[in-house]
Amino acid sequence: MEVLETVKLATSAIKRNKTRSFLTMLGIIIGVFAVITLVSVGTGLKNYITEQFESIGANVLYVMPGRMGGDGEGVSFNAPPNFAGSKLKNSYVEEIKNLGEPIEDATGYIEIPGTAKYRNNQTRITIGGSSPDIINFVSLKVKDGRFFTNSEMYASRKVAVIGPEVASKLYGNMEPLEKEIIIADSRFKVVGTLESMGSGIAGGEMDRSVYIPITTAQETFDIKNLQNIMVKFTDKDQADEAKFRVKALLSRTLKEDDFSVFNQGTLLSTISSILQVLTVALGGIAAISLLVGGIGIMNIMLVSVTERTREIGIRKSVGATNGDILTQFLVESVFLSLVGGSIGVILGILGTIVVGKLISANAFSLWSIILAFGVSAFVGIIFGVAPAAKAAKLDPVEALRYE
Amino acid sequence: MKTVNMELSGVSKVYEMGDIEVKALDQVSLRVNKGDFVSIVGPSGSGKSTLMHILGLLDKPTSGEVILEGRGVSFNNDRELAKLRNQKIGFVFQSFNLLARTSALDNVELPLIYSGVPSKERRLRAEKSLFEVGLEHRLEHFPSQLSGGERQRVAIARALITNPSIILADEPTGNLDSKSGKEIMDILKSLYQNGNTIVLVTHDPEIAKMAKRIVRVKDGKIMEE
């Protein structure tokens, strides 16, 4: 029997039971859709975070207090708020800056959660204490006013640059510049406002930030040392060299356990691998629904074989071989799962586009589409074989007698 | 000397029903010559259906040999068996056994699909076959839109389309009123007159008489009249 005839036969059988065929396909459609869309969530997150890191610049080293597992393979970006144990001194920042090539710039940093008040308004904020150079490390853009200056930092002035969310929560429609802002019972003056970082994961947090000079932060919160030091170097390829220099410098006064140096590359690869696991896990969960869809196909095909017992008898009596009958039913189940798989791929791509818009990153991943479609075809064969074999094995005399 | 189309030699068929063995056919030998018209009669349970199924290569004998056009049939080779059923045997059943929701033309074409005939030629031959049984005005009708007599004529057209060497009709008039039954018998008779070999199973003595030979089956054994 020709291939074309077999396909025609399968499609006509499917058309004859439209509702049932559609419901059977629905299992596969949902399975493929779920795999593609959920994988796109993982991929999107990964791409988003990579982009965020790259926007800060891939050529930044982080010096963190204490020892962070392995060779600076730590995942913790923000050390605990209680970094009393930190031995990173302000003076190191200048020393690192003076190291020269390939090191370009350095800034100390402290991050403390807190609340800010203006008159009766109050909002939760993240206080970032730094030097004005922070703009070179974190892509901050000043919207109105200005960032605080080096001289304000040296003088420990109580000036603040506030994120857009802080501005709207505290001042509403008022102009925040030159207004006071109360942080930890101290009065600060707003000298600048920042542009929104967008609605991304880190963006929301950034919009709630208030930047103050590092010296002011240390005085206000009675902290002697730094939470971390960010070091910028000239070129991505110089990461190891820069790391080595910074380590060498700090080792002169600090013990090995007192600090760790790592760069974005390591941090990024750690986060990437976590997200990779997440993506695979999401895909795996979705794959279960694909499996359930396959079982649905098998169920319907078994029903179909029983229903069409007499038809099988007729076909055998006019010359169908066992192989012809097997192919007929197998093609039917593969056809169901391929059409279901194709619809699932289309919906999955739409889902990916939506996810991409929500995360604002490219969430497309070809492998999940190929895998989901391949698995759906495979499912059609695997779960189609048992019913088809059952049909092929039917005894013609028995089958013709079947009512 | 006459050419032998189909021959059963010492064929037995034993069914096992739990511990009891039921002998449906007991050492049956039967010869069907080319151009023969044989009626097989007998009460229900006599084994005539089993005989018919073995002649139609649908059932496998427990022992004995089936010889079709001079060659022994190997019942263990599914492909070979299917090919013989397809090319050498035309089956007409009591309950028509047409595919539901499938046009008369498509039903008649069915055996040709399994012998790999291209679709254009299939269509032509199916039209011709339906024309021969007088159904040229019913080509696109589904079985449910046809009368019993018409359905059986579609089944005959399907049996004829491969020019089989033997036509097996199992109670072809059993589900029909007497008028349609007569029409069907007229068709079978004219097929016989055109040189086709026909084996007919019936319990109706009047119909049996139309055949050239009558074979009586009783308790798994046959007797020729």
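Keep in mind that this is a model prediction, so the values were computed, not measured.

Asks: Help me understand the packing of aromatic side chains in this model?
Replies: Two numbers describe a pair of aromatic rings. These are the distance of the centres and the angle of the planes. Residue and element names in this part refer to chain A. Counting across every chain of the model gives five aromatic pairs over all chains. Between Phe 147 and Phe 148, the ring centres sit 4.8 Å apart and the planes meet at 40°, which makes this aromatic pair tilted. Under the relative-accessibility criterion, Phe 147 is labelled buried at 8%. Assessed through its relative accessible area of 2%, Phe 148 is described here as buried. Consider the rings of Phe 147 and Tyr 211, whose centres lie 6.1 Å apart with planes at 45°: the pair is tilted. One end of the pair, Phe 147, is in the loop between β4 (142-145) and α5 (150-154); the other, Tyr 211, is in strand β8 (residues 209-213), and 64 residues separate them in sequence. Each member of the pair Phe 147 and Tyr 211 is classed as buried.

Asks: Would you mind showing me how to read the interface of chain A and chain B here?
Replies: Interfaces are frequently sized by the accessible area removed from exposure as the parts join. Listed by partner, the interface residues are 23 residues for chain A and 25 residues for chain B. Among the residues chain A hides against chain B, the three largest losses belong to Arg 16, Ile 314 and Val 318 of chain A. Together they make up 26% of the total. Inspection of the region where chain A meets chain B yields one salt bridge. The residue Glu 5 of chain A makes a salt bridge to Arg 122 of chain B at a minimum N-O spacing of 2.8 Å.

Asks: Where do I start with unusual backbone geometry in this structure?
Replies: Note: most peptide bonds trans; most residues except glycine with negative phi. Its identity is not glycine, yet Asp 222 of chain A carries a phi of approximately 55°, on the positive side. You can see Asp 222 of chain A is positioned in the loop between α8 (214-221) and β9 (228-233). Backbone geometry at Glu 69 of chain B places phi at a positive 50°, although glycine is not the residue there. Its location among the elements puts Glu 69 of chain B in the loop between β4 (63-68) and β5 (71-72).

Asks: Just checking my understanding: could you explain the side chain of Ser 333 of chain A for this structure?
Replies: Residue and element names in this part refer to chain A. Within the element layout of this structure, Ser 333 appears in helix α12 (residues 322-359). One polar contact links the side chain of Ser 333 to the main-chain carbonyl oxygen of Leu 330, over a distance of 3.0 Å. If sequence neighbours within four positions are ignored, Ser 333 has contacts with Ile 297, Met 301, Gly 380 and Gly 384.

Asks: Would you explain the packing of helix α10 (residues 264-307) of chain A against helix α13 (residues 366-393) of chain A in this entry?
Replies: Residues and elements named next belong to chain A. It is at 9 Å that the axes of α10 and α13 come closest, and there the two elements cross at 25°. Comparing the axis directions of α10 and α13 gives the class roughly parallel. Like other packed secondary-structure pairs, α10 and α13 cross with a definite hand, here right-handed. On the side of α10, the interface is formed by Thr 279, Leu 290, Leu 291, Gly 294, Ile 295, Met 298, Met 301, Leu 302, Val 305 and Thr 306, while α13 contributes Trp 367, Ala 372, Val 375, Ser 376, Val 379, Phe 383, Ala 386, Pro 387, Lys 390 and Ala 391.

Asks: Please explain a nonpolar patch on the surface as it appears in this structure.
Replies: All names here are of chain A. A cluster of nonpolar side chains, namely Phe 33, Ile 343, Ile 346, Leu 347, Ile 349, Leu 350, Ile 353, Phe 364, Leu 366 and Ile 370, defines an oily patch on the protein surface of about 870 Å² accessible area. Listing elements by their share of the nonpolar patch, those giving two or more residues are α12 and α13. Position of Ile 346 relative to the elements: it lies in helix α12. Judged by its relative accessible area of 54%, Ile 346 falls in the exposed class.

Asks: What is the right way to look at the pattern of salt bridges in this model?
Replies: Oppositely charged side chains are able to pair whenever their charged atoms sit close together. Counting across every chain of the model gives 30 salt bridges over all chains. The closest approach of N and O atoms between Arg 146 of chain A and Glu 152 of chain A, which form a salt bridge, is 2.9 Å. Its relative accessible area of 10% is what places Glu 152 of chain A among the buried residues. Residue Lys 221 of chain B pairs with Asp 26 of chain B through a salt bridge whose shortest N-O separation is 2.8 Å. Pair noted here: Lys 221 of chain B is in strand β10 (residues 221-224) and Asp 26 of chain B is in strand β2 (residues 20-33), with a separation of 195 residues, a long-range link. Residue classification places Lys 221 of chain B among the partly exposed positions, given a relative accessible area of 47%. Through salt bridges with shared partners, a single ionic network connects Glu 5 of chain A together with Asp 106, Glu 109, Arg 122, Arg 123 and Glu 140 of chain B.

Asks: What is the right way to look at empty space enclosed by the protein in this model?
Replies: Remark: the empty space left among the atoms is shown by a probe the size of a water molecule rolled over them. For the structure shown, the criterion picks out two cavities of 30 Å³ or more. Within this model, the largest cavity holds a volume of roughly 70 Å³. Contributing elements (two or more residues each) for the lining of the largest cavity: α2 (78-88), β6 (89-92) and α5 (148-160) of chain B. Split by residue class, the lining of the largest cavity holds six nonpolar, four polar and two charged. Looking at the second largest cavity, its volume works out to about 30 Å³. Ile 36, Ser 40, Thr 352, Ala 363, Phe 364, Ser 365, Ser 368 and Ile 369 of chain A are the residues that line the second largest cavity.

Asks: Explain the sheet that holds strand β7 (residues 166-170) of chain B to me, please; I cannot follow it from the model alone.
Replies: The strands making up a sheet are joined through hydrogen bonds of the backbone, oriented either antiparallel or parallel. Residues and elements named next belong to chain B. The sheet built from six strands is open, its strands ordered β6-β7-β8-β3-β9-β10 with mixed pairing. Sheet topology places β6 and β10 at the edges, where each strand pairs with a single neighbour. When the angles between neighbouring strand axes are averaged without regard to direction, this sheet yields 20°. By the bridge criterion, four bridges tie strand β9 (residues 213-218) to β10 in an arrangement that is antiparallel. If you follow Val 217 over to β10, its bridge partner there is Ile 222. Relative to β6, α2 is tilted by about 75°, and along the sheet it contacts β6 and β7.

About the cut-offs
- Residues numbered from 1 in each chain as written.
- Chains lettered and ligands numbered in written order.
- Predicted model: local features only at pLDDT ≥ 70, side-chain atom pairs only at ≥ 80, totals over all residues.
- Heavy atoms only, no water.
- Phe/Tyr/Trp six-rings, centres within 6.5 Å; stacked < 30°, edge-to-face > 60°.
- Buried < 20%, exposed > 50% of the residue type's maximum accessible area, 1.4 Å probe, protein only.
- Helix = DSSP H or I, 4+ residues; strand = E, 2+ residues; numbered from the N terminus.
- Contact = heavy atoms within 4.5 Å.
- Buried area = accessible area lost by both parts, 1.4 Å probe.
- Salt bridge = Lys/Arg side-chain N within 4 Å of Asp/Glu carboxyl O.
- Polar contact = N/O pair within 3.5 Å; in protein donor to acceptor, adjacent residues only side chain to side chain.
- Axes fitted to C-alpha atoms, helices over the stretch in contact; angles between N-to-C directions.
- Parallel < 35°, antiparallel > 145°, perpendicular 65-115°, else oblique.
- Left-handed = near helix turned anticlockwise from the far one by under 90°.
- Patch = residues over 30% accessible without salt bridge, like charges linked within 9 Å, V, L, I, M, F, W, Y side chains within 5 Å.
- Areas by Shrake-Rupley, 256 points an atom, 1.4 Å probe, with all protein chains shown as cover.
- 1 Å grid on protein atoms, 1.4 Å probe; cavity = no way out; pocket = protein on both sides within 12 Å on 5 of 7 lines; lining within 4 Å.
- Points joined across faces, edges and corners; volume = space filled by probe spheres on them.
- Nonpolar A, V, L, I, M, F, W, Y, C, P; charged D, E, K, R; others polar.
- Pairing = 2+ DSSP bridges.

By themselves, these figures tell us nothing about what the structure is for.
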